[in-house]
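Chain by chain, the residues run as shown.
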Amino acid sequence: MRSIRALQEIIFPSRCLGCGQLGLEICSSCRKSWHPHIYRQWSQHLPTYPIYSAVTYSPIAGKVLLAAKENNLAIADQLIYKALFHSLTFSLRENGGDFLVSIPSRKSVARTRGRQFISILASQLSEETGLPAYENLEHTRRVRDQSSLDAKSRFDNLDGSMKSLNFLSGRAIVIDDLVTTGATLQEAVRALRNGGIEVAAAVTACVAEPLR
Ligand SMILES: [Zn+2]
């Protein structure tokens, strides 16, 4: 095994996910931008729910998310997984919750990537915490690309775009990779509540400065 690993290192040398420097998968300098901490905020919409995140969004965090989502890099997955686990641990301590519900990517996106990235991380969280993970949300209509929209338009754009697939009894913890305005989380929470499911909290790996 060791020699195979050594051979892989020669063929595919490890590079820092943040800056590309040869060596560790995340160098000590970039590690400063990916240092799990805990951030708690409350959703803007009532009834409010807490949102827990572990890493502030930065260009380096952006590269880690992209490496996991677009390039399926296992080491990037693991960094995001650890950040999610950190957020989830705090959330469970303060709010409890009975099961995890991940926010799916659109089917076309998941097809291109070859996997539902967040669902896979949610199953790993499930194994470690013993809480069941369900794929309970579905996108029901097209939405505009969010990147050029301000906060208010993002909420309007997503409103009514997801639905809950099955009733689940107990309190859900919603899982996603990144929270920016909270519009995606809010739509997931709205869909779950509309399906009669109570929401304990939302948990993400990264948190960006909210847009105005
Ligand atoms: Zn680096």
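Residues numbered from 1 in each chain as written. Predicted model: local features only at pLDDT ≥ 70, side-chain atom pairs only at ≥ 80, totals over all residues.

Chemist: Can you tell me about the overall build of the protein chain, naming the residues and giving the values?
Modeler: Across its full length, the protein chain carries 8 helices and 9 strands. The C-alpha atoms of the protein chain give a radius of gyration of 18 Å, which matches the 17 Å a tight globule of 212 residues would have. For the protein chain, the spread of C-alpha atoms along the principal axes amounts to about 55 × 40 × 30 Å. The buried share of the protein chain, taken over its 212 residues, is 35%. For the protein chain, long-range pairs separated by at least 24 residues make up 71% of all intrachain contacts whose partners lie at least 6 apart in sequence. (Helix = DSSP H or I, 4+ residues; strand = E, 2+ residues; numbered from the N terminus. Rg over C-alpha atoms; globule rule 2.2 N^0.38 Å. Buried ≥ 20, exposed ≤ 12 C-beta atoms within 10 Å, placed from the backbone. Contact = placed C-beta atoms within 7 Å.)

Chemist: Mind laying out the nonpolar core, listing which residues take part and the relevant values?
Modeler: Counting residues in each nonpolar core, the largest one holds 52 residues, and the members touching the most others are Val64, Ile80, Val174 and Ile175. For this core, the secondary-structure elements that each account for two or more residues are strand S2 (50–53), helix H3 (59–69), helix H4 (74–95), strand S4 (99–102), helix H6 (117–129), strand S8 (171–179), helix H8 (183–194) and strand S9 (198–207). Three or more residues apiece are contributed to this core by two domains, here domain 1 (1–32) and domain 2 (34–207). Ignoring any residue separated from it by four or fewer positions in sequence, one finds Val174 in contact with Val101, Ile103, Leu185, Ala188, Val189, Val199 and Ala202. (Core = buried A, V, L, I, M, F, W, Y, C linked by C-beta atoms within 7 Å. Domains from an automatic or database assignment.)

Chemist: Kindly report on the pairing of S2, identifying the contributing residues and their values.
Modeler: The pairing of strand S1 (residues 39–42) with S2 spans 4 bridges and is antiparallel. Looking at S2, one finds that Trp42 is bridged to Pro50. (Pairing = 2+ DSSP bridges.)

Chemist: Describe the domain arrangement of the protein chain, and please don't skip the residues or the numbers.
Modeler: Looking at the protein chain, the domain boundaries give domain 1 (1–32) and domain 2 (34–207). One C-alpha centre belongs to domain 1, the other to domain 2, and the line joining them spans 28 Å. Of the residues assigned to the side of domain 1 that touches domain 2, the class counts are 3 nonpolar, 1 polar and 3 charged. (Nonpolar A, V, L, I, M, F, W, Y, C, P; charged D, E, K, R; others polar.)

Chemist: Pulling in residues and values, what's your account of the packing of helix H7 (residues 151–158) against H8?
Modeler: Following both chains from N to C, one finds H7 and H8 inclined at 30 degrees, their axes separated by 9 Å at the closest point. Judged on the interaxial angle alone, H8 and H7 are roughly parallel. Handedness of the H7/H8 crossing: right-handed. Two secondary-structure elements touch here, H7 through Arg154, Phe155 and Leu158 and H8 through Ala183, Thr184, Gln186 and Glu187. Here the residues of the contact of H7 with H8 sort into 3 nonpolar, 2 polar and 2 charged. (Axes fitted to C-alpha atoms, helices over the stretch in contact; angles between N-to-C directions. Parallel < 35°, antiparallel > 145°, perpendicular 65-115°, else oblique. Left-handed = near helix turned anticlockwise from the far one by under 90°.)

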